[in-house]
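Residue strings, one per chain:
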Amino acid sequence: MAAIYQVVNRRASALACRLHSTYVRKIRYLNELKEDDSLCRQAQTSGTFYLFHNLSPFLQKAGKKYLVPQLGAAEMKRILEKFKETEQWIEKSVLIGCSDEHIPYFALDLGALEKSVIESEFQGSFTDLRKALFVVDENDSSLLASAQSLLRWHDSHQYCSKTGQPTQKNASGSKRVCHASGITYYPQMSPVVIILVSDGSRCLLARQPSFPQGMYTALSGFCDMGENVEETVRREVAEEVGLEVESHWYSASQHWPFPSSCLMIACHASVRAQQAEISMNSLELEEARWFGLEEIMEGLKREPRSSKQDDGSFLPWFPPKQAIAHQLICEWVKRQTS
């Protein structure tokens, strides 16, 4: 009996530890802010703010590094008073996270205000998000991507799709409500599969006309309504390069804010080497081809700037390490070399 009590007590202690962990406390605090408007408004007076201007995040350069400044509520009030705007602007902010010490993070888009005044005041600049994601650290890039996606969603859901009446956001920005119809709208992500195809000794990469010169990446495509991930993998590979997937397996996932809020579901797929002749869909791709291990390893070392050759052509280079396509390619290399 004593042994049973010891087991029960250990389990109860483990459960209590989990419930009171830093992570659990933080997540529950964030949930309270999302659900309680008065609590969220109170948090706005002590939180920090990430600034955007027409969906471009604000960065400051420090030597060779780029930093994402977290501006306090007092600083925000001071700059907004220069525009004779205060509380109504803070109300437009959206909650994007908090620190382990429960300091809430908000994102605020000041696109209607004069950009140069804000940049001069805080000694920085508003930068295109695609560029910003690859020059800031990993934690900041994740927050910026989430923030822009949420700000974009609010901008495009200001009216109810059923009644045409204006929708109202709650204090945290976790939802919008049409009071005429009673419909509540929640931010959503679109699932996208990104697939690195291999025939055993080579991997297949492709490029679209809109890509930077010389850049190749894995195949990708949105999940169709009613499809599961496995079906999307097979369909996208068949559609884009005319190959039939023999097997596939999941790798990881990543939030990606382009063209809007997407959940990138990264997978590896294999095809038979005897049936690996590419039949490219030219409506979707500019080029698709097989790469051997040596060429992949050289491409991973290559910077975009160093890819241009004297004759004007471009050597292949691949997405940077912040992109999940880079992870897929590195995983393939690891399998080939192990």
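By the naming in an unreviewed UniProt entry, the protein chain is NAD(+) diphosphatase, taken from Smutsornis africanus. According to the UniProt record, the Cofactor (unreviewed entry) comment for the protein chain reads "Mg(2+)".

Student: Looking at this model, I keep getting lost on helix α6 (residues 115-122). Mind explaining?
Tutor: Working note: α-helix, 3.6 residues per turn, so residues spaced by three or four point in the same direction. All buried positions along α6 are accounted for by I118, E119 and F122. Projected down its long axis, α6 carries its buried residues within an arc of 100°, all on one side. Elements in contact with the buried residues of α6: β1 (48-53), β2 (56-62), β4 (71-72), α4 (73-82) and β7 (125-126). Once α6 ends, the next one or two residues include Q123, with phi positive near 55°.

Student: Quick question: what am I supposed to make of the packing of aromatic side chains here?
Tutor: The relation between two aromatic rings is expressed through the spacing of the ring centres and the mutual angle of the planes. Taken as a whole and judged by the stated rule, the model has eight aromatic pairs. Relative to W256, the ring of F134 has its centre 6.4 Å away and its plane inclined at 40°; by these criteria the two rings are tilted. With F134 in the loop between α7 (129-132) and α8 (138-156) and W256 in strand β14 (residues 247-256), this pair connects stretches of sequence that are 122 residues apart. An aromatic cluster is defined as three or more aromatic residues linked by ring pairs; in this entry it consists of F58, F122 and F126. Across from the ring centre of F258, 4.0 Å away, lies the NZ or CZ of R130, which sits over that ring.

Student: Would you mind going over the UniProt feature "domain: Nudix hydrolase" (unreviewed entry) in the protein chain with me for this structure?
Tutor: If you check UniProt for "domain: Nudix hydrolase" (unreviewed entry), the listed places come out as residues 187-313 in our numbering. Between the C-alpha atoms that bound residues 187-313 there is a distance of 43 Å. The span itself is 17% helix and 33% strand.

What counts, and where the lines are drawn
- Residues numbered from 1 in each chain as written.
- Predicted model: local features only at pLDDT ≥ 70, side-chain atom pairs only at ≥ 80, totals over all residues.
- Heavy atoms only, no water.
- UniProt positions renumbered as here; feature names shortened; annotations may be inferred.
- Buried < 20%, exposed > 50% of the residue type's maximum accessible area, 1.4 Å probe, protein only.
- Helix = DSSP H or I, 4+ residues; strand = E, 2+ residues; numbered from the N terminus.
- Arc of directions from axis to C-beta.
- Contact = heavy atoms within 4.5 Å.
- Phe/Tyr/Trp six-rings, centres within 6.5 Å; stacked < 30°, edge-to-face > 60°.
- Lys NZ or Arg CZ within 6 Å of the ring centre and 35° of its normal.

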